Amino acid sequence: MRSITKIIGKNIKIARIKKDWSQAELAHRLNVEQSYVSRIESGTITISFQRLYEIIIILDCDLNEIFPSVSDIKKSI
């Protein structure tokens, strides 16, 4: 069972890879450690809405690319 945090983390990773950025590059743009980005992408930590908003802006992606669909949530329950 995948948690919503893991799905969001995976989607952030996909958006980052689409930009051809390393975790270090995203971390630099967020002014955080690379290990923090790694924990976000693996879903081992939850992030604030403010941080999530920053990530969406920095990655220049759509909310639908990051937030899971209802069907994804139902699959994880």
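Report on the accompanying structure. Quick caveat: nothing in here was measured; it's all calculated off a predicted structure. (Residues numbered from 1 in each chain as written. Predicted model: local features only at pLDDT ≥ 70, side-chain atom pairs only at ≥ 80, totals over all residues. Heavy atoms only, no water.)

**What about the nonpolar core?**
- Counting 16 residues, the largest nonpolar core has Ile12, Leu26, Leu52, Ile55, Leu59, Cys61 and Ile66 as the members making the most contacts within it.
- Looking at this core, the elements with two or more residues in it are α1 (4-18), α2 (23-30), α3 (34-42) and α4 (49-59).
- Sort the elements by how many residues they give to this core and α4 lands first, with four residues.
- Beyond its immediate chain neighbours, meaning those up to four positions away, Leu52 contacts Ile8, Ile12, Ile47, Ile66 and Phe67. (Core = buried A, V, L, I, M, F, W, Y, C linked by side-chain atoms within 4.5 Å. Buried < 20%, exposed > 50% of the residue type's maximum accessible area, 1.4 Å probe, protein only. Helix = DSSP H or I, 4+ residues; strand = E, 2+ residues; numbered from the N terminus. Contact = heavy atoms within 4.5 Å.)

**Side note on the environment of Thr46**
- Along the chain, Thr46 turns up in the loop between α3 and α4.
- The exposure class assigned to Thr46 is exposed, which follows from its relative accessible area of 61%.
- Along the chain, Thr46 and Pro68 lie 22 residues apart, while their C-alpha atoms are 15 Å from each other.

**Brief notes about the layout of surface pockets**
- Here the largest pocket is characterised by a volume of approximately 150 Å³.
- Forming the boundary of the largest pocket are Thr5, Ile8, Gly9, Ile40, Ile45, Thr46, Ile47, Phe49, Leu52 and Phe67.
- Sorting the residues of the lining of the largest pocket by element identifies α1 and α4 as the ones contributing at least two each.
- Ranked by residue count, the leading element in the lining of the largest pocket is α1, at three residues.
- Taken together, the residues of the lining of the largest pocket break down into seven nonpolar, three polar and no charged. (1 Å grid on protein atoms, 1.4 Å probe; cavity = no way out; pocket = protein on both sides within 12 Å on 5 of 7 lines; lining within 4 Å. Points joined across faces, edges and corners; volume = space filled by probe spheres on them. Nonpolar A, V, L, I, M, F, W, Y, C, P; charged D, E, K, R; others polar.)

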